[in-house]
Amino acid sequence: MKNIPLVMILFGGSGDLAHRKLYPALFNLYEQGLIHDNFAVIATARRPWSHEYLREQVSDAIHETHEVVDENEISAFASHFYYQSHDVTNVEHYVTLKQLAHDLDEKYSAQGNRLFYMAMAPRFFGTIATHINDQHLTGSGFNRIVVEKPFGRDLASAEELNKQITASFKENEIFRIDHYLGKEMVQNILPLRFTNPLIKNIWNSDNIQNIQVTLAERLGVEARGGYYETSGALRDMVQNHIFQIITLLAMPEPKDISAASIHEAKKKLLDSLIIPDKDVIKKHFVRGQYAGSDTTFAYKNEPNVDENSTTETFAAGEVKFTEGPVAGVPIYFRTGKEFKEKKNRIDIVLKHINTPYGKAHSNNITIVIDPKSEIFITINGKRISEPGIRRENLDYTFSKEELAQVPDGYERLLHDVIVNDSTNFTEWSELKRYWQFIDAVESAWDEENKSGKPDIPQYIPYRMGPKEANDIFECATAHWIYE
Ligand code: NAP
């Protein structure tokens, strides 16, 4: 792999994301030679660490994620890391940071290339972007910025943040990251759709009855109640991960697989996204909160959560487009905390057909994203020893060996940023449409809250969410395939 020179400035260098994901991912890219002799990482945060202490942290992060490691390789890698104690709200600190970046650029011959990574609480993104601009932190080579989710909390704040970032960075220099787009089975959606005539030829509104996307979490909010109160399931999961998956499922075939063609196809689809009105939201959307049990707190009783909170820990709803191969087909989603198990899966439900054998099941195509990687198709065949039709699964589950080869999503996406491939990142025009949709639902739910009688079902923890979510389907016989 080509060695790409750069100085990376990581805001939030002492945080969880940096430790668990970014340091191990960078190490793997170092081992592959994508970054090697000509890179330096400046990790910043407020706590007063030394360069040495940071390097120990980096080394620990690699030991925690790798079974076999070469100690010399780790020390050589960690020697490229520098710590700068920095409060992102203090403008003086950017002056020191700028000097350090300049010195390391010279030391490592990094050719003026800068990669900024915002691995911090989103409320700081705008401040950092503003100071990068007013203190001229960008380099003379390429400049790229990676922005973590959430990008805003509604369209207005996302627009404001985008304005702050675009003061220093052009659209093609901004990488709005969503780690779901780095997942193996999410990256497999387009190849599955467009390389198999068996699938491609039935992927249309003549054959598909509905599509279902479920992102279920086993955990509750745990210690993050304070943050979750400002977000909720719709903003936390639907605005980004669920919409990204839906876009891949519904977009028209791109001209080719370049980033430009894929974004063009996505844009075409999203221009036709139907923003739901209040009636549709009432009929086809449901929110919920997990109730308590003998051993667990109800959401409203979690630490740092308002006892009258209207924040949803579950959301289900319907998405529709007027363009693309599945124009008009309802795409249902649901996501929630304290489900019976962690499970991310997509079910494509095909229409029933008349058969000379009488009633037969519909075919379904299922893509399991987590916790395993699996594709299965249900088919009908004859019963062996009695008349009638039975249902079978054609199943492909990734083997342990295959799974072992799958890079972590962050490794894939950091690689893409470094080689300047924006295919799996969100463009502003896409994000804007997602927020328009989310804002419409939030505003309908806000109105219900203000009416004093918000209709927020409480659901039994560790099952399948509120029973009301079984009634969001347009077709009376439709139901969740994953039950
Ligand atoms: P975190 O563990 O809370 O880390 C926050 C970092 O920000 C720490 O390094 C903290 O260090 C630093 N910080 C806080 N206030 C600061 C200030 N005023 N000036 C300078 N540094 C400051 O958060 P995280 O879990 O890593 O998440 C970071 C971002 O990644 C968030 O946007 C999150 O949504 C996103 N994300 C995280 C994960 C994950 O697995 N963790 C997954 C997906 C997305 P000091 O206290 O020393 O200043």
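In case you missed it, the structure is sitting above this.
Residues numbered from 1 in each chain as written. Predicted model: local features only at pLDDT ≥ 70, side-chain atom pairs only at ≥ 80, totals over all residues. Heavy atoms only, no water.

Engineer: Help me understand the sheet that holds strand β7 (residues 208-216), please; the structure alone is not making it clear to me.
Structural biologist: Read from one edge of the open sheet, nine strands run β14-β13-β12-β11-β7-β10-β9-β8-β15, paired in mixed fashion. In the strand order of this sheet, the two ends are held by β14 (389-397) and β15 (458-459), each with one partner. Inspection of the sheet shows strand β8 (residues 286-290) paired to β15 by two bridges, in the parallel sense. Within β15, the residue paired with Gln289 across the bridge is Gln458. Running at roughly 145° to strand β10 (residues 331-336), helix α11 (residues 233-250) makes contact with β7, β9 (314-319), β10, β11 (343-350) and β12 (364-370) of the sheet. Taken strand by strand, helix α16 (residues 428-450) contacts β8 and β9, and its axis lies near 65° from that of β8. (Pairing = 2+ DSSP bridges. Helix = DSSP H or I, 4+ residues; strand = E, 2+ residues; numbered from the N terminus. Contact = heavy atoms within 4.5 Å. Axes fitted to C-alpha atoms, helices over the stretch in contact; angles between N-to-C directions.)

Engineer: How should I be thinking about unusual backbone geometry in this particular structure?
Structural biologist: Look at the link from Lys149 to Pro150: it is a cis peptide, with omega at -5°. For Pro150, the location among the structural elements is in the loop between β5 (143-147) and α6 (155-166). Of note, the amide linkage connecting Asp370 to Pro371 takes the cis form, showing an omega dihedral of 5°. With respect to the helices and strands, Pro371 occurs in the loop between β12 and β13 (374-382). With phi around 65°, Tyr462 is a residue other than glycine that occupies positive phi space. Take Tyr462: its relative accessible area is 28%, and that puts it in the partly exposed class. (Buried < 20%, exposed > 50% of the residue type's maximum accessible area, 1.4 Å probe, protein only.)

Engineer: How should the packing of helix α1 (residues 16-31) against helix α3 (residues 71-78) be read in this particular structure?
Structural biologist: To describe two helices that pack against each other, one gives the angle between their axes and the distance between the axes. Closest axis-to-axis distance for the α1/α3 pair is 11 Å, and the angle between their directions is 110°. Taken as axis vectors, α1 and α3 run roughly perpendicular relative to one another. The residues of α3 that touch α1, namely those facing Tyr23, Leu26, Phe27, Tyr30 and Glu31, are Glu73, Ile74, Ala76 and Phe77. Classifying every residue of the contact of α1 with α3 by side-chain character gives seven nonpolar, no polar and two charged. (Parallel < 35°, antiparallel > 145°, perpendicular 65-115°, else oblique. Nonpolar A, V, L, I, M, F, W, Y, C, P; charged D, E, K, R; others polar.)

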